[in-house]
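Inside the fold
What follows is each chain in one-letter form.
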Amino acid sequence: MTDVRRRLAAAVAAFGALAAAAVLAAPLAGSTPIRLDRVFDRSVPFADNVDAQIFFIARLPRALAGALVGASLAAAGVVFQALLRNPLATPFTLGVSAGSALGAMLAITLRLHLSLWGVSAVTAASFAGAVCAVAIVYGMARARHSGFSTNVLLLAGVTLNAFFSALILFVQYVADSAEALRTVRWLMGNLDVAGYRPILAALPLCALSFAAFAWLPRALNLLSLDADAAASRGIDVLRAQRVAFFSASMATGAAVSLGGPIGFIGIIVPHLVRLIVGADHRVTLPASALFGAAFLVGADVAARTVMAPVELPVGIITALVGGPFFLWLLVRAR
Amino acid sequence: MTATEGKGPGVGGWGPGAGRRALGVRGRARTPARGVFAAACLVAVAVLLQLPGGARGPQAPGRVPQRIVSIVPSATEVLFAIGAGPRVAAVGSFERFPPEVERLPRVGALLDPDVERILSLRPDLVVVYASQTDLRAQLGRAGIPVYVYTHGSLADITAGMRDLGARLGLAAQAESAAAAVERDLAAVRASVAGLPRPRALLVIGREPRALRAITVSGGVGFLHDLLDLAGADNAFGDVPRESTMAATEAILARRPDVIIELHYDERATERDADLERLAWKALPGVPAVKNGRVHVLYGGAFVVPGPRVVLTARAFARLLHGVRSGIPSSGTASAPGAGIPDLTPVT
């Protein structure tokens, strides 16, 4: 036990420092050169201080959004991989992102002109879509079994993904070309939130999920091996599965509604972290969340700067970096 | 027709205008043998065109299309503006103007052209997008001539009007309509000449009620040209694209003096415009926001690079400089009060 504590402390310290460094350094980079002394110069009113505006309105919210989305997706990836006992599971495997995307597509094409406290209809609709997908998949997994079949969960999720993807294509097809383009752009991910309100709106959901994650690691360790073994060790398997499913889904839904369905974080980060700290979820889960935050914040810096002043969608960066890296990992492991 | 210049005869193939290509080749033939061959080709083409029904051959230059299908909204507006409206047999999915299009059959659009429907209407000219290569091939196999309508810059619009007019035997009408558009645009340009040019951000799309996924006009295309003509410097004029995603940081750094948002939602109300302008409060330091110079325009005209660009140019000049270039226009689709839904500026 003490050994785990020591490893946990070391991992949290190392990955936490990395995440903190990323969040602090990210606002320094961008398409426009800014000077830090002017950013914090109180003698100039904020309304006239472009450097401060760029720092506090454009870059800092972006870094924080990236950290929140990255941490949520990476942690959700760890939980789903353990819950489904499948190393290829991602936060998007069970249809949460497809439901989320469908909600966003509908809001964009139906031009839902609503907003609540700075959260646009697109964001709200994408979260609603995620909730729908989760409800359907959960209903399926519970319907034919007294317990909670992860096989049914997986199959239902994959099928729902395909079904929602077809609906997304349909919505895009009937949309105006300008809207179709916007929906495609939404799918590539975007962390430019232009303020703190969207982050604050997603934060309670993510916090609730992370609170649940804190309770999960021991159960995940056993679940990822064998449900029966877990039960024999005194784990309430059904309850643990349910908590894992809902908390990871909620984190995914909140992350996707904030930043769009940014791919690869939820699979690359957990595997990389496992490679470094081992497979014990008590260490892997918090370490993955922290490293996911650092990774996405770093990817967003690249997205903002490599083609400046034009920005790349951050989802392209994560896939371009993540894809080859994952292949390398696969080859190297054998 | 320049594609065949300097090459042997017959290279032109069977696309529309092949007959004219053959003529051009004959005129440039240097040796008697080539001349004879070219003449033979010309005769062959002529014979083919005289076949009963004429369905196999391409459209002869002399024969004027009488049943036109246009699935390009801007081309459709041009057709009506140059007096070819009565010949339009069907239009695409997105045509909203002029009001006459509401009575016409719809045959799909850029991504989903309904080939069967088009063929069943027995058109003798179909106006298509350049990228619709499959559709062009299918229509080509059916022997139906196509006209590829391309547009990009402001100058392309009147050039396209004249070219389409010439193709339809309406050169005079097209010339007067195009000249009217050019005159009206020149009047707008003159009305803002010498005035200080504000730096303007032209927003062509974003998430409703939030400053996310802001798409703006780059330095290419008719909207950029219109902004320039109406006396403003495009804040993203250095980006060599028609549209680009503008990050919050870039907008803060470029400090636009004026923000003009184009929304083509025609059901919008004054309240909608107020709420959209309110979203910009998230960037209070931007001069346009600070000085209350965020404008929201509603209407369908500005997404269509057709004769109605005059309306857009006037609206821009009004918002940028308070100038009303109320020069009455003559007879074209840009004439005010002819049932045209005007752009509704909300300032």
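Computed from a predicted structure; not experimentally measured.

Turning to the overall build of chain A, a few remarks are in order. Assigned secondary structure in chain A consists of 14 helices and two strands. For 334 residues, the compact-globule estimate of 2.2 N^0.38 gives 20 Å, and the C-alpha radius of gyration of chain A, at 20 Å, lies within 12% of that figure. Across its three principal axes, chain A shows a C-alpha extent of roughly 65 × 55 × 40 Å. Looking at chain A residue by residue over its 334 residues, the buried ones come to 53%. Considering only contacts within chain A whose residues lie at least 6 apart along the sequence, 77% involve residues at least 24 apart.

The number of helices and strands found in chain B is twelve helices and eleven strands. Across the 347 residues in chain B, those meeting the buried criterion constitute 49%. Considering only contacts within chain B whose residues lie at least 6 apart along the sequence, 59% involve residues at least 24 apart.

Turning our attention to the interface of chain B and chain A. The figure often quoted for interface size is the accessible area lost as the parts come together. Contacts between the two partners involve 27 residues from chain B and, on the opposite side, 36 residues from chain A. Elements with a contribution of two residues or more to the side of chain B that touches chain A: β8 (243-245) and α9 (248-254) of chain B. Looking at the side of chain B that touches chain A, the element that brings in the most residues is α9 of chain B, giving five residues. Its residues assigned to classes, the side of chain B that touches chain A comprises 15 nonpolar, four polar and eight charged.

Judged by nonpolar contacts, the single largest core of 209 residues is most densely connected at Val79 of chain A together with Ala230 of chain B. Ranked by residue count, the leading element in this core is helix α3 (residues 50-83) of chain A, at 21 residues. If you count residues domain by domain, this core takes at least three from each of domain 2 (68-182) and domain 3 (197-346) of chain B. Leaving out residues up to four positions away in the same chain, Val79 of chain A has contacts with Phe213, Leu216, Leu220, Ala244 and Ala248 of chain A.

With that out of the way, let us pick up the pairing of strand β9 (residues 258-263) of chain B. Residues and elements named next belong to chain B. Of all six residues in β9, six are buried; the element is thus mostly enclosed. By the alternation rule, side chains of β9 split into Val258, Ile260 and Leu262 and Ile259, Glu261 and His263, which are all buried. In this structure, strand β5 (residues 199-205) lies alongside β9, joined through four bridges in parallel fashion. Along β9, the bridge assignment pairs Leu202 with Ile260. Across five bridges, β9 lies against strand β10 (residues 294-298) in parallel orientation. Across the sheet, the residue bridging to Leu262 is Leu297, located in β10.

All names here are of chain B. The strand order across the open sheet built from four strands is β2-β1-β3-β4, with neighbouring strands paired in parallel fashion. The sheet is open, and its two borders are formed by β2 (88-91) and β4 (146-148), each paired with just one other strand. Each neighbouring strand pair of the sheet contributes to a mean axis angle of 20°, computed without reference to strand direction. Where strand β1 (residues 68-70) lies against strand β3 (residues 125-128), three bridges are found, and the strand directions are parallel. Bridging from a neighbouring strand, Ile68 pairs with Leu125 of β3.

Moving on: unusual backbone geometry. Cis rather than trans, the peptide bond between Phe97 of chain B and Pro98 of chain B has omega equal to -5°. With respect to the element layout, Pro98 of chain B can be found in the loop between β2 and α4 (115-120). In this structure, Ala194 of chain A is a non-glycine residue whose phi angle is positive, near 50°. With respect to the helices, strands and loops of the structure, Ala194 of chain A is situated in the loop between α7 (177-187) and α8 (197-215). On the basis of neighbour counts, which here come to 25 C-beta atoms within 10 Å, the residue Ala194 of chain A falls in the buried class. Backbone geometry at Ala213 of chain B places phi at a positive 50°, although glycine is not the residue there. Within the fold, Ala213 of chain B resides in the loop between β5 and β6 (215-217).

Relative to the elements of secondary structure, Val306 of chain A occurs in the loop between α13 (281-305) and α14 (314-333). Taking the C-alpha atoms as reference, Val306 of chain A lies 42 Å from Arg242 of chain A; in sequence the two are 64 residues apart.

A few words now on the packing of α3 of chain A against helix α12 (residues 265-277) of chain A. Residues and elements named next belong to chain A. Axis separation between α3 and α12 bottoms out at 8 Å; the angle between their running directions is 70°. One finds that α3 runs roughly perpendicular with respect to α12. Between α3 and α12, the contacting residues are Gly70, Leu73, Ala74, Ala76, Gly77, Val78 and Gln81 on the first element and Ile265, Gly266, Ile267, Val269 and Pro270 on the second. The residue makeup of the contact of α3 with α12, split by class, is eight nonpolar, four polar and no charged.

To continue, consider the pairing of β5 of chain B. Residues and elements named next belong to chain B. When you tally the buried positions in β5, you get six out of seven residues, the bulk of the element. Both β5 and strand β7 (residues 233-234) contribute to a ladder of two bridges, which runs parallel. Its bridge partner being in β7, Ala200 is matched across the sheet by Asn234. Note that β5 and β6 share two bridges and pair antiparallel. By the bridge assignment, Gly205 is partnered in β6 with Thr215.

Our focus in this paragraph is the confidence of the model for chain B. Residue and element names in this part refer to chain B. Mean pLDDT over chain B stands at 79; residues scoring 70 or higher make up 75%. Least confident of the elements in chain B is helix α1 (residues 18-28), whose mean pLDDT is 39; most confident is β7, at 97. With pLDDT under 50 throughout, residues 1-30 is counted as low confidence; its partners more than four residues away or in other chains account for 47 contacts. Across the whole predicted complex the pTM is 0.79, and at the interface the ipTM reaches 0.83.

Residues Arg182, Thr183 and Trp186 of chain A constitute the buried set of α7 of chain A. Buried residues of α7 of chain A fall within an arc of 100° about the axis and therefore sit on the same side. Tucked into the core, α7 of chain A has its buried residues touching α4 (96-109) and α6 (150-174) of chain A together with β5 of chain B.

Reading guide: rules and limits
- The numbers attached to residues start from 1 for each chain and follow its sequence in the written order.
- Each chain is given a letter, starting from A, and each ligand a number, starting from 1, according to the order in which they appear as written.
- Two thresholds apply to this predicted model, a pLDDT of at least 70 for residue-level local features and 80 or more for giving and counting side-chain atom pairs, whereas whole-chain, interface and lining totals are computed over all residues.
- The helix and strand labels rest on DSSP assignments: H or I over at least four residues marks a helix, E over at least two residues marks a strand, and numbering proceeds from the N terminus.
- Radius of gyration here is computed from C-alpha atoms only, and the compact-globule reference equals 2.2 Å multiplied by the residue count raised to the power 0.38.
- To sort residues by exposure, count the other C-beta atoms lying within 10 Å of each residue's C-beta; 20 or more gives buried, 12 or fewer gives exposed, and values between give partly exposed, all with C-beta atoms placed from the backbone.
- We call two residues in contact whenever the C-beta atoms placed from their backbones are within 7 Å.
- Charged residues are taken to be Asp, Glu, Lys and Arg, nonpolar residues to be Ala, Val, Leu, Ile, Met, Phe, Trp, Tyr, Cys and Pro, and polar residues to be all remaining types, Gly included.
- The nonpolar core is taken to be a set of buried Ala, Val, Leu, Ile, Met, Phe, Trp, Tyr and Cys residues joined by way of C-beta atoms within 7 Å.
- Domain start and stop points were drawn from an automatic or database domain assignment.
- At least two bridges found by DSSP between two strands are what make those strands a pair.
- Inter-axis angles, ranging from 0 to 180 degrees, are taken between N-to-C directions of lines fitted to C-alpha atoms, where helices are fitted over the stretch in contact.
- Any angle between 65 and 115 degrees counts as roughly perpendicular, while under 35 counts as roughly parallel, over 145 as roughly antiparallel, and the rest as oblique.
- Confidence of the prediction at every residue is given by pLDDT, a number between 0 and 100.
- Note that the arc is computed from the directions linking the helix axis to the C-beta atoms.

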